[in-house]
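# Overview (structure and organization)
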Amino acid sequence: MSAILCHYFHGQRLLSHQDVLAGQQKNAFVLGLQGPAIFAYSFLFSKEGTKAQKALCETLASISPEMLARFAAEASQRGNAVTDAYCRGVCCYCVLEQQTSPFVQYSAEMIHRIEENKSVADSKNQVESALDIILLRYETAKLPTEFDLRTTVPLDEPLCKTIALFYAAICRELGHSEWSADEIGPLFEDGCKAIGKLNDRTLMKRQFLKRREKRQGKSGGVSSLMRNISEDEDYDYANVCEQEWQWPMESGDIRTDTYFALYESAVQKAEQRLAHWNPIMNG
């Protein structure tokens, strides 16, 4: 999974510099900000689907930012203006992931150590949901109940086809040429719909899921992806106290960056990359 709102607002900071983006191109850019992480949500609310489909979504969602950035730059040169706009958004996704992933991974590991019955994956979801709450407040002074997550995934059918072609090409490069754009498109669409379902205006959905997970003996699950009204106070999710951290653990590479510092650095780095982006103007 990924911090949906962190990626969205990171891209909003950069959108004002992309003068050629409007209409469908703008929507493509916004979708690109979530990168392939959207595939991680494809089966969030549904158990339907083959093992092969779920394995494909897992593979796509876990593509390294380095590989993805390279492919996006190449695909931008081959595609039309909409493809180019999506690739620009993907570029921004990669920059934020590269800048903040070590901090997020460290935080997830620390929460896992504190709450041993909680998996690292659920701990990471908890961290990213908390960071979403914090960034939403940082950028807009709003609460999660005041923001519609569907804003982050403005998908329509033509856009879905364009994006599916992008990932079908990646599949071919990864040696999975059996997957066509027609098969990938519905999986991407399901991921977008699932993100919309994470809206919880009354906070009752999250409470219900937490109670159900507790009855099932689980320490986390879908509820860890639901954004509460505020982050809990048991952990300094943004490291505002500038405590030492390192990733990988025991690496000796001690840092004290706050999440805000990493985020602002990612804005600057993405601005630099997009400033040297070769725009596609062929409609």
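Scroll up to find the structure.
Structural notes, computed from the coordinates. (Residues numbered from 1 in each chain as written. Predicted model: local features only at pLDDT ≥ 70, side-chain atom pairs only at ≥ 80, totals over all residues. Heavy atoms only, no water.)

Now for helix H5 (residues 81-114). End to end, H5 covers 48 Å across 34 residues, agreeing with the expected 50 Å (1.5 Å per residue, within 8%). The buried count for H5 comes to 26 of 34 residues, which makes it a mostly enclosed element. Where H5 starts, the residue carrying a side-chain oxygen 3.1 Å from the main-chain nitrogen of Val82 turns out to be Asn80. (Helix = DSSP H or I, 4+ residues; strand = E, 2+ residues; numbered from the N terminus. Expected span 1.5 Å × (residues − 1). Buried < 20%, exposed > 50% of the residue type's maximum accessible area, 1.4 Å probe, protein only. Polar contact = N/O pair within 3.5 Å; in protein donor to acceptor, adjacent residues only side chain to side chain.)

As a further point, take the packing of aromatic side chains. Tallied over the entire structure, the rule returns 17 aromatic pairs. Between Tyr86 and Tyr167 the ring centres are 6.2 Å apart and the planes differ by 80°, which places this aromatic pair in the edge-to-face class. Placement of the pair is Tyr86 in helix H5 and Tyr167 in helix H7 (residues 157-173), with a sequence separation of 81 residues. For the pair shown, Tyr86 and Tyr167 are each scored as buried. Aromatic side chains Phe103 and Trp245 sit 5.3 Å apart centroid to centroid with 75° between the ring planes, which places their arrangement in the edge-to-face category. With a gap of 142 residues between them, Phe103 in helix H5 and Trp245 in the loop between helix H9 (204-215) and helix H10 (259-275) connect regions that are remote in the sequence. Each of the two residues, Phe103 as well as Trp245, counts as buried. Three or more aromatic residues joined by ring pairs form one cluster here, namely Phe103, Tyr106, Tyr138, Trp245, Tyr259, Phe260 and Tyr263. When the ring centre of Phe43 is taken as reference, the NZ or CZ atom of Lys54 above it lies at 5.6 Å. Sitting over the ring of Phe71, Arg78 keeps its end group 5.6 Å from the ring centre. (Phe/Tyr/Trp six-rings, centres within 6.5 Å; stacked < 30°, edge-to-face > 60°. Lys NZ or Arg CZ within 6 Å of the ring centre and 35° of its normal.)

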